[in-house]
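# Structural description and commentary
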Amino acid sequence: MRFAVFVSGAGSNLKAIHEACKKGEIKSELALVFSNRPKAGGLKYAQEVGLETLHLNPKDYTNPQSFDRDVVIHLKQAKIDFIITAGYMKLFTPYFVKQFPNQIINVHPSLLPAFKGKSGIKDAFTYGVKVTGVTIHFVNDKMDAGPIIMQEAFQVDPLETLESLTERMHKVEHKIFKKAIVLFEDGKLKVKAARRVEISD
Ligand code: GRF
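Residues numbered from 1 in each chain as written. Predicted model: local features only at pLDDT ≥ 70, side-chain atom pairs only at ≥ 80, totals over all residues. Heavy atoms only, no water.

Here we take up the overall build of the chain. Counting its secondary structure elements, the chain contains six helices and nine strands. Taken over C-alpha atoms, the radius of gyration comes to 16 Å for the chain, in line with the 17 Å a tight globule of 201 residues would show. With the C-alpha coordinates of the chain rotated into their principal frame, the extents come out at 50 × 40 × 35 Å. Considering the chain as a whole, with its 201 residues, one finds that 46% of them fall into the buried category. Long-range contacts, defined here as pairs at least 24 residues apart, represent 61% of the contacts in the chain between residues at least 6 apart. When the accessible surface of the chain is totalled, it reaches about 10400 Å², and 54% of it is carbon and sulfur. Computed over 29 positive and 22 negative side-chain charges, the inter-centroid distance for the chain is 3 Å. (Helix = DSSP H or I, 4+ residues; strand = E, 2+ residues; numbered from the N terminus. Rg over C-alpha atoms; globule rule 2.2 N^0.38 Å. Buried < 20%, exposed > 50% of the residue type's maximum accessible area, 1.4 Å probe, protein only. Contact = heavy atoms within 4.5 Å. Areas by Shrake-Rupley, 256 points an atom, 1.4 Å probe, with all protein chains shown as cover. Lys, Arg positive; Asp, Glu negative; His and termini not counted. Charge placed at Lys NZ, Arg CZ, Asp CG, Glu CD.)

Quick look at the structure:
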C-alpha cells in the first residue's frame, strides 16, 4: 500500500515513521508528505531526505471544501491508499473523510476523550492530571473523536514540567504510532459497531 503523512509542525512523528519504513518495520510506501504550512519542519525534513512532498496553502482557496477537494485530487493521482496525520493542525471536511473512510489515522497527545484540541499536553498538565498518555485513532469529521485504535497511559511525575511531559509524550507517540500503522497495513484493524476497533491476531 501507499500512504501519505500530513504535517503542519516540527515533524518528529514523521521522522519516526520514516525511520520505521527504512528499517522495514512499516512495509507500506511513504509515497507523499503533505503540508498546509510552507514552513512546517516536517515538510523541510521530507524535502531534505528526498521524500515526495506537496504543499497547498488554504489561503489560496475560497473555502475549506475547495481546499480539501484539491488535496483529494492530488492524493488520488498519487494513488494513496491511506493517510497518517502527524501533527496536522487542520480539520478535514466531511467530504474529505468520506473519500478515506477509516483510512485516516491520527495521533493525539492525551487520553481521549479528555483534552481534545490543539494543546492537549498543556491542557492536561495545567489541569493537574496524574495520568496522561497517547491516543491513536481513526479520523472522522469531528475533532479528535474518531474510533480509538490504541492508547498508552503513563504517570505524570510530581516534578514534571511541561517541557519534560512534552518530551515523554513524543517518545510514546513515536513508539506506538508505528505499531498502529503496522496493524493497519496488516489488515488487523476492524471498526465494529459502537465505534469499537477490534484488533485481530
Ligand atoms: C504531536 O504531539 C501530536 O500528538 C500532535 O501534534 C504534535 C506533532 O508533533 N497532534 P510533531 O510535528 O510530530 O513533532
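Additional details are given in the paragraphs that follow.
Another aspect to go through is the site of the ligand. All residues adjacent to the ligand are Gly9, Ala10, Gly11, Ser12, Asn13, Gly87, Met89, Val107, His108, Pro109, His170 and Glu173. At 3.3 Å from an oxygen atom of the ligand is found a main-chain nitrogen or oxygen belonging to Ala10. Separating an oxygen atom of the ligand from a side-chain N or O atom of Asn13 is a distance of 2.8 Å. Burial of the ligand by the protein amounts to 88% of the accessible area it has alone, namely 370 Å². (Near = heavy atom within 4 Å. Polar contact = N/O pair within 3.5 Å; in protein donor to acceptor, adjacent residues only side chain to side chain.)

Moving on, we come to the pattern of salt bridges. Summed over all chains, the structure comprises 12 salt bridges. Here Arg168 makes a salt bridge to Glu160, at a shortest N to O gap of 2.4 Å. Judged by its relative accessible area of 10%, Glu160 is buried. A salt bridge links Glu167 to Lys171; the nearest nitrogen and oxygen atoms lie 3.9 Å apart. Placement of both Glu167 and Lys171 in helix H6 (residues 162-185) is noted, with a separation of four residues, approximately one turn of the helix. Across the pair, Lys171 and Glu167 agree in class, each one exposed. It is possible to trace a salt-bridge network through shared partners that takes in Lys27, Glu185 and Asp186. (Salt bridge = Lys/Arg side-chain N within 4 Å of Asp/Glu carboxyl O.)

What follows covers the environment of Lys118. Relative to the helices and strands, Lys118 is located in the loop between strand E5 (104-108) and helix H5 (120-127). Overall, Lys118 belongs to the exposed group, its relative accessible area being 66%. Residues Lys118 and His108 lie 10 residues apart in sequence; the distance between their C-alpha atoms is 9.1 Å.

Here strand E4 (residues 82-85) shows a buried face lined by Phe82 and Ile84 and a second buried face lined by Ile83 and Thr85. With four bridges joining them, strand E1 (residues 2-7) and E4 adopt parallel strand pairing. If you follow Phe3 over to E4, its bridge partner there is Phe82. Taken together, the three bridges between E4 and E5 define a ladder with parallel strand orientation. Along E5, the bridge assignment pairs Thr85 with Asn106. Read from E4 through helix H4 (residues 94-99) to E5, the crossover connection turns out right-handed. (Pairing = 2+ DSSP bridges. Right-handed = clockwise from strand over helix to strand, strands pointing away.)

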